[in-house]
Amino acid sequence: PIAVDANQGWKDRLYALDMIHWLKEKGIVMIEQPMPKEQLDDIAWITQQSPLPIFADESLQRLTDVATLKGAFTGINIKLMKCAGMREAWKMVALAHALGMRVMVGCMTETSCAISAASQFSPLVDFADLDGNLLISNDRFKGVEVVKGRITLNELPGIGVVKI
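Remarks on the layout of surface pockets
Looking at the largest pocket, its volume works out to about 680 Å³. Contributing to the lining of the largest pocket are 21 residues, with Pro1, Phe127, Ala128, Asp129 and Gly149 lying nearest its centre. Secondary structure elements with two or more residues in the lining of the largest pocket: β1 (2–5), β2 (28–32), β6 (127–128) and β9 (150–152). Tallying contributions element by element places β1 first for the lining of the largest pocket, with 4 residues. Its residues assigned to classes, the lining of the largest pocket shows 13 nonpolar, 2 polar and 6 charged.

Okay, here's the thing in structure tokens:
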């Protein structure tokens, strides 16, 4: 499945909705942050009209943001580097589920250590975008791997990381 992260790139809600319909025709399964976070009312309108789920990215950082985004987004994208770590991420997953929201786990450009930590709650989410370690050449850790497009947890203790 392919998802599209608009990174707040669409400024007009009608244009954004047209793009989402076009992307659905092309087989896209989900849209992240279609409009600037300041345009929350427009995002909520898009989410109500959209044939695809709409996930918050830049609109979300901490646990306190989750409840305020219900209705404006279908789901949330949790990133450990933005939310303060594993404990808060677990709480965010639980709250989003309790509110009937979908959840994804994402990342930025990070080492395998951070990706392996985020991967620990990937079985609880709808989407996982944890490829940030594949974008760096100086990763000092070995942890989870992407095998045939799927995050593969290992049997190592803790978060499953060894220093290389």
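Brief notes about the pattern of salt bridges
For the structure on display, the rule yields 6 salt bridges. Salt-bridge contacts for Arg62 lead to Glu88; the nearest nitrogen and oxygen are separated by 2.9 Å. In this pair, Arg62 is assigned in the loop between β3 (54–56) and α3 (63–69) and Glu88 in helix α5 (residues 86–98), connecting sequence segments 26 residues apart. Overall, the relative accessible area of 16% leaves Glu88 in the buried class.

Rules and cut-offs
- Residues numbered from 1 in each chain as written.
- Predicted model: local features only at pLDDT ≥ 70, side-chain atom pairs only at ≥ 80, totals over all residues.
- Heavy atoms only, no water.
- 1 Å grid on protein atoms, 1.4 Å probe; cavity = no way out; pocket = protein on both sides within 12 Å on 5 of 7 lines; lining within 4 Å.
- Points joined across faces, edges and corners; volume = space filled by probe spheres on them.
- Helix = DSSP H or I, 4+ residues; strand = E, 2+ residues; numbered from the N terminus.
- Nonpolar A, V, L, I, M, F, W, Y, C, P; charged D, E, K, R; others polar.
- Salt bridge = Lys/Arg side-chain N within 4 Å of Asp/Glu carboxyl O.
- Buried < 20%, exposed > 50% of the residue type's maximum accessible area, 1.4 Å probe, protein only.

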